Amino acid sequence: MNTDNKKKGYLTITFGCQMNEHDSEVIAAMLEKMGYSAVEDRQSADIIVVNTCCIRETAENKVFGLLGRLRKIKESNPNLIIAMGGCMSQQEGMGKRIKERFRYVDIVFGTHNVNKLPEFIAQASEKRRQVIEVWSSAPEEMEDIPERKVSGPRAWVCIMYGCNNFCTYCIVPYVRGRERSRNQHDIVNEIKNMVGQGVKEVTLLGQNVNSYGKDLDSDIDFSDLLVMLENIEGLERIRFMTSHPRDFSDKLISTLSESKKVCEHIHLPVQSGSSTILKHMNRGYDREDYLRLVNKIKGSIPGVSLTTDIIIGFPGENEKDFLDTMDLVRQVKFDGGFVFVYNKRSGTPAAKMSQQVPDEIKSKRIQDLIAMQNEFTLESNEKEVGKVLEVLVEGKSKTRDDRLSGRTRNNKLVMFDSDEDLTGKLVSVKITDFGLTHLGGELVFLSKDH
Ligand code: 5AD
Ligand code: SF4
């Protein structure tokens, strides 16, 4: 708890994807502008902002658990403001549920009115009443993202909001709204500003970055945007996520193969290896389309690493469908994969589909798939041993502070010993060992900017 003559403290707690991480950075910037400063622990915060996720039920349960625990902190510090934002807030009826079950939550805001948080804080602290304000869609005139202070050599940059795809299992289009691309000049200016603050690598974010620009008046597309960003002096690396296989054009593949700055890693969620299931998921491609795309990408971008998301146990998934998924994974040999058990999200078409797969079958299938993917991840990591790779140093390793950690261009985490703090530098590391989650190596020499 802070006294009046001290700066007030804020804490953001983030669940879910990189888009939420990004939004929390924007929220942090707004709070700093209001005079708050970051604190590490809940007890010393004057405001706690919980940025929520609802992609699966487990994410929601974590948020409810956290809100329950925050009650104690509110009891010992009645002036604490608790705000809840993000995708969960945006779900129908959530405001009412929070009002009834968590009366001590002061503010509930949605994904379309993050910029209004300072006003809501003022209302909540002056009037001491619950402020519940969630907009059902984005305003016509979008305000651009407020300027952020960045720390470290990497930053998230949101290039578009929302999703038009309506995959039948997914709640995102309902809570994030339709696709809205940011103006290309705003994106360029934001990145230039970040580079001025020491950023070397940006990750462009959107639910489907490949459809960037389709809603803009100009005829710019995602490839054109990448070419514009390539020209920013001082920017060393560009990453992007997430790509939708249906919209991954030949033009984009050739842009990637020619680019010096765009890193050789593509996150390309396949979701299933069965054409029948893909159709029921409304993904807009079949298994052959996906395999063809992978072959084109691998043939054009040497050293590219591919990662994916897969859902197991989508309604109607039978043994043959599952074996098709196993077979696709075997053919592609992904460098890494995230496998999820299908989770019913109310309001989505798949939630009403018959033939929901029993839990025991889902859990057996996910175990088999994860075991196989782990083999391929290990195989892919083993191939790096002996190579000298460029690593952008992010800081001290979380597990041992005499080690530094950073990522290769193909997005592998590398740990290595160093007496000197090389955070923010691009260095060359000889890979000496490997595991499932990271590579180990030795510093060879300091490259480029040292
Ligand atoms: N159940 C399980 N996984 C899901 N995903 C999205 N919706 C669901 C759901 N209802 C997964 C997809 C997506 C990733 C971010 O989350 O694989 O790519
Ligand atoms: Fe969800 Fe599909 Fe949109 Fe991805 S592309 S956010 S899975 S609806």
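Each chain has its residues counted from 1, following the order in which its sequence is written. Throughout, the order in which chains and ligands are written sets their labels, letters from A for the former and numbers from 1 for the latter. It should be noted that, the model being predicted, local features are given only for residues of pLDDT at least 70 and side-chain atom pairs only at 80 or more, the latter also being counted only at that level, while totals for whole chains, interfaces and linings use all residues. Only hydrogens and water are set aside when side-chain values are computed; all heavy atoms of the structure are taken into account.

Remarks on a nonpolar patch on the surface
- Excluding any residue in a salt bridge, patches collect residues exceeding 30% relative accessible area, merging like charges within 9 Å and nonpolar Val, Leu, Ile, Met, Phe, Trp and Tyr side chains within 5 Å. To measure how exposed things are, a 1.4 Å probe is used in the Shrake-Rupley method; for residues, cover is taken only from the protein chains shown. When a carboxyl oxygen of Asp or Glu lies within 4 Å of a side-chain nitrogen of Lys or Arg, that pair is called a salt bridge. On the surface, Leu378, Val385, Phe434 and Leu436 cluster together into a nonpolar patch covering about 280 Å² of accessible area.
- Starting at the N terminus, helices and strands are each numbered in turn, a helix being any DSSP run of H or I of at least four residues and a strand any DSSP run of E of at least two. Topologically, Leu378 is positioned in helix α12 (residues 359-382).
- We classify Leu378 as partly exposed; its relative accessible area is 31%. Each residue is assigned to one of three classes by its accessible area relative to the maximum for its type, calculated with a 1.4 Å probe on protein chains only: buried under 20%, partly exposed between the two thresholds, exposed over 50%.

Some details on the domain arrangement of the chain
- The source of the domain bounds is an automatic or database domain assignment. Domains assigned within the chain are domain 1 (9-133), domain 2 (154-382) and domain 3 (388-446).
- Two residues form a contact once any of their heavy atoms are found within 4.5 Å. Counting from both sides, the interface comprises 17 residues of domain 1 and, opposite them, 19 residues of domain 2.
- Of the roughly 1,600 Å² buried between domain 1 and domain 2 on both sides combined, carbon and sulfur atoms contribute 60%.
- Once two parts are put together, the accessible area they lose, assessed with a 1.4 Å probe and summed over both, is termed the buried area. Looking at the side of domain 1 facing domain 2, the largest losses of area belong to Gln18, Met19 and Arg56, adding up to 36% of the total buried there.
- Across the pair Arg176 and Asp23 runs a salt bridge, and its minimum N-O distance is 3.0 Å.

Section: the sheet that holds strand β14 (residues 336-341)
- Strands sit in the order β12-β13-β14 across an open sheet of three strands; the sheet is parallel. Each end of this open sheet is capped by a strand with a single partner; those strands are β12 (265-267) and β14. Here the strands of the sheet are splayed against their neighbours by 10 degrees on average, with no regard to which way each runs.
- Examined bridge by bridge, strand β13 (residues 305-312) and β14 share six bridges and lie parallel to one another. We call two strands paired when DSSP finds no fewer than two bridges between them. Comment: axis = line fitted to C-alpha atoms, over the contacting stretch for helices; angle = value between 0 and 180 degrees taken between N-to-C directions.

Focus: the site of ligand 1
- The nearness test applies per residue and asks whether one of its heavy atoms lies within 4 Å of the molecule or strand. Surveying the vicinity of ligand 1 reveals the residues Ile55, Arg56, Tyr169, Gln271, Asp309, Ile311, Phe340, Val341, Tyr342, Asn343 and Arg345.
- A 3.5 Å cut-off defines polar contacts: any pair of N or O atoms within that distance qualifies, except that in protein one atom must be a possible hydrogen donor and the other a possible acceptor, and neighbouring residues in sequence count only when both atoms are side-chain atoms. In this structure, an oxygen atom belonging to ligand 1 sits 3.0 Å away from a side-chain N or O atom of Arg56.
- Taking Gln271, its side chain carries an N or O atom lying 2.7 Å from an oxygen atom of ligand 1.
- About the coverage of ligand 1: the protein hides 87% of its 410 Å² of free accessible area.
- For the shell around ligand 1, the secondary structure elements donating two or more residues are β13 and β14.
- Its residues assigned to classes, the shell around ligand 1 comprises six nonpolar, two polar and three charged. Under the grouping applied here, Gly and all other residues not named as nonpolar or charged are polar, the nonpolar ones being Ala, Val, Leu, Ile, Met, Phe, Trp, Tyr, Cys and Pro and the charged ones Asp, Glu, Lys and Arg.

A few points about the nonpolar core
- If you look at the biggest cluster of nonpolar residues, it comprises 66 residues, and the most contacted ones within it are Ile159, Ile191, Leu204, Phe222, Ile266 and Ile297.
- Discounting residues that sit within four places of it in the chain, Leu204 has contacts with Val157, Ile159, Ile191, Val209, Phe222, Leu226, Leu229, Ile238, Arg239, Phe240 and Met241.
- Counting 29 residues, the second-largest nonpolar core is a separate cluster that includes Cys54, Phe64, Ile82 and Met88. In plain words, nonpolar cores are sets of buried Ala, Val, Leu, Ile, Met, Phe, Trp, Tyr and Cys residues tied together by side-chain atoms within 4.5 Å.

So, the pattern of salt bridges
- Across all of its chains, the model carries 30 salt bridges by this definition.
- Across the pair Lys74 and Asp106 runs a salt bridge, and its minimum N-O distance is 2.7 Å. Taken together, the residues Lys74 in helix α2 (residues 57-76) and Asp106 in the loop between α3 (94-101) and β5 (107-109) connect sequence positions 32 residues apart. For the pair Lys74 and Asp106, one class covers both residues: buried.

With respect to the sheet that holds strand β10 (residues 201-205)
- Pairing within the open sheet is parallel, and its three strands lie in the order β7-β10-β11. Only two strands of the sheet have a single partner each, and these edge strands are β7 (154-158) and β11 (237-241). This sheet shows a mean twist of 25 degrees between the axes of neighbouring strands, independent of strand direction.
- Summarising the sheet, β7 and β10 pair through five bridges and their orientation is parallel. Looking at the pairing, Val157 lines up with Leu204 of β10.

Points about the site of ligand 2
- Lining the immediate environment of ligand 2, one finds Cys163, Asn165, Phe166, Cys167, Tyr169, Cys170, Val172, Pro173, Gln207, His244 and Arg283.
- The residue inventory of the shell around ligand 2, partitioned by class, reads seven nonpolar, three polar and one charged.

Let's talk about the packing of helix α10 (residues 287-300) against helix α11 (residues 319-332)
- Contact geometry of α10 with α11 gives a least axis separation of 11 Å together with a crossing angle of 10 degrees. The angle between the axes of α10 and α11 places the two elements in the roughly parallel class. In contact with Arg287, Tyr290, Leu291, Val294 and Lys298 of α10, α11 contributes Asp324, Asp327, Leu328, Gln331 and Val332.
- Of the residues belonging to the contact of α10 with α11, the class tally is five nonpolar, one polar and four charged. Orientation categories follow fixed angle ranges, with anything under 35 degrees roughly parallel, anything over 145 roughly antiparallel, 65 to 115 roughly perpendicular, and all other angles oblique.

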